[in-house]
Each structure stands twice: as C-alpha cells, then as structure tokens.
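A structural walkthrough
Now for the letters of each chain:
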Amino acid sequence: MRNQTQAPKEPPSFILDVHLGKLARYLRLLGFDVAYANHWDDPEIVQRARKEQRIILTRDRGLLERKAVLLGYLVESLDPEGQLQEVLDQFNLRRRLKPYSRCPLCGTPIEQVPKEAVLPSLPPRVARRYRKFYQCPSCGKVYWKGDHFRNLDALIQKARSRTRNNKN
Ligand SMILES: [Zn+2]
C-alpha cells in the first residue's frame, strides 16, 4: 500500500485504471467488487476511489502520487495473470474468492433466473443442454455454466491453489 491514511474496507473493493481491463475482468470473475471503465481519466478515478472507498490499482506511479489519493497499490507484473496473482497475494484475497458471482462485464452481482425468462435469448444448443441460468440485473447479460465459465476454471484453480501450497 502506498498510503495508509485510511483503512480499506473488508473485503476491499478496487478501482482500476484504463490499462488494467483484463485484470478488472479477472477480479470480477473471482467475485471482487471492481470499478472499471475504459474512458475514465485519472482525476475521475481518484474522485471515485475517494467517494466509494476503493483501492486504486494501477501501473502508473504518477496516478498514485496525486494528492487526493487515499489508498492505492502499484501493480508490478506486466501480464494480466501475473497481475491477478500479485493482487491476490498483496491483499490476502485467496480465501475470499467467490467465483462466478459477478458479471465480468460490469461487476454487478449476477442472479439465478428461471430458464423460461431467458429462453428467447439462448442459442438452441444451449437451451437443450443447460438448466441453470444466471443474469446480470444491470447489463442483462445471461450466463450459464458452460462456455462462459469452463475456460476460466484453470485460472480459478490457480488462484485457489496457492492457499494450500504457499502460505508464505
Ligand atoms: Zn453486467
């Protein structure tokens, strides 16, 4: 942490700068409260962070040196998966994972919905194959534990596994 003038919320919530879009998606997939938009400039990020008590994650030292910044962390890894591991360690988040509880697109908690409610928007193959569906109440995106989720299982395993193997 660059600045300890204010204690972070528990569990911490974050705001990411425009260059960390993929990290934002990963953190949301793991269930963390992440604010991110690719059009926010530095002053807006700082202001939102203050107002919503979010920790700023950035690779830009200059951003963290702004006076108004209360809580921030300078991410060192260059690749998104490395950044994810770094942030999980830094903020002790590995025991707090709630995979697939938020919409990776906008960060809103997703809700289970009856199949009939989303049927018109489903590809026939999916409608035949899956029973449980989830929808983001904010952006409307529909999820099921198939295509959307499967390719991320490896990432989640990795995020979890260090809890057992590496207690520092
Ligand atoms: Zn959404």
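Everything that follows concerns the structure shown earlier in this document.
These remarks concern the structure in this document.

So, how was this worked out
Residues numbered from 1 in each chain as written. Predicted model: local features only at pLDDT ≥ 70, side-chain atom pairs only at ≥ 80, totals over all residues. Heavy atoms only, no water. Helix = DSSP H or I, 4+ residues; strand = E, 2+ residues; numbered from the N terminus. Buried < 20%, exposed > 50% of the residue type's maximum accessible area, 1.4 Å probe, protein only. Contact = heavy atoms within 4.5 Å. Areas by Shrake-Rupley, 256 points an atom, 1.4 Å probe, with all protein chains shown as cover. Donors = N, O, S within 2.8 Å, 3.2 Å for Na, K, Ca; no water. Tetrahedral: all angles 85-135°; square planar, octahedral: opposite > 155°, others 65-115°. Lys, Arg positive; Asp, Glu negative; His and termini not counted. Salt bridge = Lys/Arg side-chain N within 4 Å of Asp/Glu carboxyl O. Polar contact = N/O pair within 3.5 Å; in protein donor to acceptor, adjacent residues only side chain to side chain. Pairing = 2+ DSSP bridges. Axes fitted to C-alpha atoms, helices over the stretch in contact; angles between N-to-C directions. Phe/Tyr/Trp six-rings, centres within 6.5 Å; stacked < 30°, edge-to-face > 60°.

The helix and strand inventory of the protein stands at eight helices and seven strands. Expressed as a percentage of its 168 residues, the buried residues of the protein come to 43%. Pairs at least 24 apart in sequence give 53% of the contacts found in the protein among residues at least 6 apart. As displayed, the protein has an accessible area near 9600 Å², and 46% of this comes from carbon and sulfur atoms.

So, about the coordination of the zinc ion. Bound to the zinc ion are the protein donor atoms Cys103 (SG), Cys106 (SG), Cys136 (SG) and Cys139 (SG), situated 2.3 to 2.4 Å from the metal. Geometry at the zinc ion is tetrahedral, judged from its four donor atoms and the angles of 97 to 125° they form at the metal. Donor residues for the zinc ion, ordered by position in the chain, follow C-x2-C-x29-C-x2-C. Among the residues examined, Cys103 registers a relative accessible area of 0% and is labelled buried. Given the relative accessible area of 28%, Cys106 is considered partly exposed.

This part covers the side chain of Asp17. Along the chain, Asp17 turns up in the loop between β1 (14-16) and α1 (21-29). For the buried Asp17, which has no salt bridge, the nearest side chain bearing the opposite charge is Arg59, at an N-O separation of 8.3 Å. Within the structure, the side chain of Asp17 is placed 2.8 Å from the backbone nitrogen of His19, a separation counted as a polar contact. Residue contacts for Asp17: discarding those within four places in its chain leaves Tyr36, Ile45, Leu57, Thr58, Arg59, Asp60 and Leu63.

The residue Thr58 is located in strand β3 (residues 55-58) in this model. A polar side-chain atom of Thr58 sits 2.4 Å from a polar atom in the side chain of Asp17.

On to the sheet that holds strand β5 (residues 111-113), then. Hydrogen bonds between backbone atoms are what pair the strands of a sheet, whose relative direction is either parallel or antiparallel. The strand order across the open sheet formed by three strands is β5-β6-β7, and the pairing between neighbours is antiparallel. The open sheet has two free edges, formed respectively by β5 and β7 (142-144), since each of these has just one partner strand. Adjacent strand axes in the sheet meet at a mean angle of 45°, parallel and antiparallel pairs treated alike. Relative to strand β6 (residues 133-135), β5 runs antiparallel, the two being bridged by three bridges.

This part covers the packing of aromatic side chains. Summed over all chains, the structure comprises three aromatic pairs. Ring centres of Tyr73 and Phe91 lie 5.7 Å apart, and the angle between their planes is 85°; on these two criteria the pair is classed as edge-to-face. Of this pair, Tyr73 sits in strand β4 (residues 72-74) while Phe91 sits in the loop between α4 (80-90) and β5, and the two are 18 residues apart along the sequence. The same class applies to Tyr73 and to Phe91, which are both buried. With a centroid separation of 6.1 Å and 65° between ring planes, the pair formed by Phe133 and Trp144 is classed as edge-to-face. Here Phe133 is found in strand β6, whereas its partner Trp144 is found in strand β7, with 11 residues between them in sequence.

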